[in-house]
Amino acid sequence: MERTFSTKHIGKDLLIGVLIAAISIPISMGYAMVAGLPAVYGLYGSFLPILIYGILTSSPRFVFGVDAAPAALMGALLASLGIEAGSEAAVRIAPMITILVAIWLLLLFLLSANRLLRFISQPVMGGFITGIGITIILMQIPKLFGGTAGSGEAPELIRHIITSAGEGFHVLSFLLGLGTVLLILLFRHFAPKIPMPAIIMVVGAVLSAVLHLEDHGVAMLPSVSSGLPAITVPDFNMLELDPRTILLSTFTIAVVILSETLLATSNFALKYDDKLNLRREVLAYSLGNAAAAFSGCCPVNGSISRSGIADQFGVRSQWMSVAAGISMMLILLFGTPLFSYLPVPILTGIVISALIGTFEFSLARKLRKVDRSEHRIFFAALIAVLLMGTIYGVIVGVLLSSITFIVRQSRPKIEILGVDPEEEGYHSLKRKGNYAPIHGVLLYRFSGALFFANITDFEEGLALAVTPETKVIVVDAAGIGSVDVTASERLLRLYHLYKEQDIRFYLAGHVSAVNAELRAFGAQELIDEGAVRSRISLALRDAGYEKPYPLDPPPKRSEKHAPHISEQSWANGEDAEDHHITYLKKQSKTLKSRDN
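This is a predicted model, so every value here is computed, not measured.

Asker: Run through the packing of helix α4 (residues 68–80) against helix α10 (residues 243–272), naming residues and quoting values.
Answerer: Running from N to C, α4 and α10 point in directions that differ by 170 degrees, and their axes come no closer than 10 Å. Accordingly, the angle class assigned to the pair α4 and α10 is roughly antiparallel. Residue-level inspection shows Ala69, Pro70, Leu73, Met74, Leu77 and Ser80 of α4 in contact with α10, the latter providing Thr245, Ile246, Ser249, Ile253, Val256, Ile257 and Glu260. When grouped by side-chain class, the residues that make up the contact of α4 with α10 number nine nonpolar, three polar and one charged.

Given below as structure tokens:
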């Protein structure tokens, strides 16, 4: 709590909270209508829920409130129940739906469901966040040219955009909205400290008042009545409409809130090295939704777009959420008459520009250079969110991450090692340097747990590396943290196979827990006959090799290989030479500047 509510930047965070409340006006009102409720309920969901979340959360910079995914799911649920959007029945059933979501989230909290986040990798997280951002932008695009927000997944949203544009494209609205997006993106790049969203919103209100933009066909926010929300008691009699559908749908909404908000919150936390209590986050989601239920609102969620805006202005604590909740209370009491002066295209442009800032394509470019499989996972998660929705995007991403993990574990890195008489240790022969194999010895490194899925690769790699000159095999097992029954039996078989060929076989450098597993799985003979050693040097000594080792072929000493260059080779791999040249150029410039 101390870090979350640090007073070091309280003044700035309070101002950001006021801005977030202002930005929440069009966003929350629009999503309330997507959920099938009158627009004012979006404002109700941006008052108590954000206050409760702000007090409970361990995240110092995330925004909570009425948002796209839960609103769209609730709207779909009302449609399936035959309840007309904006009707009295919709207002009556909303608190029950939201309190059921809160109950499901409380159960997920009690079950420590936040642990599932461990199985979601950074590429999945990046693809997921980007997919959500693109989906919400597609929802909002029709509002730029005078249409209504869409719902559904990307194909439905694209069809809605085309249909809306065909039915009526308002040029002035589009220019206002597009200009807003371009201005904010331009200032974000060249002058990020200037609060352009707030400035543009004020300018839009002034233009509307002076030029009467509504008379020229530009849509304005609908007027709403003043006052705080009345306490609403959920009517569980509405459950009788279709218990199975309602319970299943509310569970789905709860899972979407959990996965989407945890992923997004964790993404921000990784960016700034914030320490999150993920279990406490789930409790905050539950109680925030309970507050929304008693306000009569739809389910609430973490907001990627508003969090992106808060991040742009350097938010540091949840004083921002407290200020946003209190500001919304004041807006409900005194500010609602001003809503009719806020142009919808300009406010939509503010939302879209914020969502563009949440994209993680820079991560995708990095993955493309480093790990193509992770790059594919990023786009698989993104496409799954676009085509199938939030929950399926998470499922696809987790499955792909799991498959990648299994494949990597089943095919660990294999290296043949050598030594340099002037350097300590045993190093890959692929490294640049004066490394050479020990004559008659195969030093074989296998980096990964040894189990049924990769023991064949272990055996085949070893068979390919053995030559007619090989008299000793030493497996560098420092990276082998465990062995299963299959691996233990096959290691024992390898020991006997090479013993028949007069080749001594050792397993060296592993943790003692591996020995316990070997004993438990029937490979005690390896330990009894000394084929298991704590260090590679002890295995070599047992086989009759003492320093200086006979090398085959001996390294060429004509090329002096400085220790720091060897270290560069280890650190930078194939790029070591380029890094070294860059380093020398920098040193040369430094020396020249000193001389001058």
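Asker: Can you break down the nonpolar core residue by residue, with the values?
Answerer: The biggest cluster of nonpolar side chains holds 116 residues, and the ones touching the most others in it are Ile25, Ile93 and Phe339. No other element matches helix α1 (residues 10–34), which puts eleven residues into this core. With residues up to four places along the chain from it excluded, the contact list for phenylalanine 339 reads Ile25, Met29, Leu43, Leu221, Pro222, Val224 and Ile331. Within the second largest apolar cluster, 28 residues are counted, among which are Val475, Ala477, Phe505 and Leu507.

Asker: Describe the state of the cysteines, and please don't skip the residues or the numbers.
Answerer: Tallied over the full model, the rule gives zero disulfides. Cysteine 298 supplies the cysteine sulfur nearest to cysteine 297, a cysteine that is in no disulfide, at a spacing of 3.9 Å.

Asker: Before we move on, could you go through the layout of surface pockets and cite the residues and values that matter?
Answerer: Reported here for the second largest pocket is a volume of approximately 370 Å³. Lining the second largest pocket are 16 residues, and of these Phe268, Lys271, Asp311, Gly357 and Thr358 sit closest to its centre. Listed by contribution, the elements that provide at least two residues to the lining of the second largest pocket are α6 (122–144), α10 and α12 (304–312). Per element, the largest residue contribution to the lining of the second largest pocket is five residues, and it comes from α10. Its residues assigned to classes, the lining of the second largest pocket comprises six nonpolar, six polar and four charged.

Asker: Go over helix α11 (residues 278–294), please, and point to the residues and values.
Answerer: Relative to the 24 Å expected for 17 residues at 1.5 Å per residue, α11 spans 25 Å between its end C-alpha atoms, a close match to the ideal helical length. Along α11, the positions that sit buried rather than exposed are Glu281, Val282, Ala284, Tyr285, Ser286, Gly288, Asn289, Ala290, Ala291, Ala292 and Ala293. Those residues of α11 that are buried lie in contact with α3 (48–56), β1 (64–65), α5 (88–110) and α10. Positive phi shows up at glycine 296, right after α11, with a value of about 85 degrees.

Asker: Any details on the environment of glycine 42? Residues and values, ideally.
Answerer: If you trace the backbone, glycine 42 turns up in helix α2 (residues 40–44). With relative accessibility at 0%, the residue glycine 42 sits in the buried group. Once the C-alpha coordinates of glycine 42 and glycine 479 are considered, the two residues, 437 residues apart in sequence, prove to be 54 Å apart. Contacts of glycine 42, omitting those with residues within four sequence positions, involve Ser28, Met29, Ala32 and Val66.

Asker: So what about the pattern of salt bridges? Which residues, and what values?
Answerer: Under the definition given, this model contains 14 salt bridges. A salt bridge links arginine 504 to aspartate 542, with the shortest nitrogen-to-oxygen separation between them at 3.1 Å. Note that arginine 504 is positioned in strand β7 (residues 504–508) and aspartate 542 in helix α22 (residues 536–542), a separation of 38 residues in sequence. Overall, the relative accessible area of 40% leaves arginine 504 in the partly exposed class. In the salt-bridge network here, residues are joined through shared partners; they are Glu415, Arg445 and Asp476.

Asker: Tell me about helix α8 (residues 171–190), and name the residues and values.
Answerer: In this model, α8 (20 residues) spans 28 Å end to end at C-alpha, consistent with the 28 Å of a helix rising 1.5 Å per residue. Along its buried surface, α8 packs onto α6, α9 (196–211) and α14 (344–356).

Asker: Any chance you could break down the sheet that holds strand β4 (residues 423–428) for me, citing the residues and the numbers?
Answerer: Within the open sheet, the six strands sit side by side as β4-β3-β5-β6-β7-β8. Their pairing is mixed. Edge positions in the sheet fall to β4 and β8 (532–533), since each has one partner strand and no second. In the sheet, strand β3 (residues 413–420) pairs with strand β5 (residues 441–447) via five bridges, with the strands oriented antiparallel. Looking at the pairing, isoleucine 416 lines up with tyrosine 444 of β5.

Quick notes on the rules
Note that residues are indexed from 1 along each chain, following the sequence as it is written. Per-residue local features are limited, in this predicted model, to residues with pLDDT of at least 70; the limit for side-chain atom pairs, both in listing and counting, is 80 or more; totals at the level of whole chains, interfaces and linings are taken over all residues. Side-chain metrics in this entry use all non-hydrogen atoms of the structure; hydrogen atoms and water are not considered. To get an axis, a line is fitted to the C-alpha atoms, and for a helix only the part in contact is used. The angle between two axes follows their N-to-C directions and goes from 0 to 180 degrees. Labels follow the DSSP assignment, with helices taken as runs of H or I lasting at least four residues and strands as runs of E lasting at least two, numbered in each case from the N terminus. By the definition adopted for this analysis, an angle is roughly parallel if under 35 degrees, roughly antiparallel if over 145, roughly perpendicular if from 65 to 115, and oblique otherwise. We call two residues contacting when some pair of their heavy atoms lies within 4.5 Å. Just so you know the grouping, Ala, Val, Leu, Ile, Met, Phe, Trp, Tyr, Cys and Pro go in nonpolar, Asp, Glu, Lys and Arg go in charged, and all remaining residues, Gly too, go in polar. Among buried residues, the Ala, Val, Leu, Ile, Met, Phe, Trp, Tyr and Cys ones that are joined through side-chain atoms within 4.5 Å form a nonpolar core. Relative accessibility thresholds used throughout: buried, under 20% of the residue-type maximum; exposed, over 50%; partly exposed, between the two (1.4 Å probe, protein chains only). By disulfide we mean two sulfur atoms from cysteines, separated by a distance within 2.5 Å. Both cavities and pockets are sets of points on a 1 Å grid over the protein atoms alone; in a cavity a 1.4 Å probe fits but cannot get out, in a pocket the set is open with protein on both sides within 12 Å along at least five of seven lines, and lining residues sit with an atom within 4 Å of a point. Grid points are joined across faces, edges and corners, and a volume is the space filled by probe spheres set on the points. The span one expects for a helix is its residue count, reduced by one, times 1.5 Å. Definition used for salt bridges: Asp or Glu carboxyl oxygen within 4 Å of a side-chain nitrogen of Lys or Arg. Two strands are said to pair when DSSP picks up at least two bridges between them.

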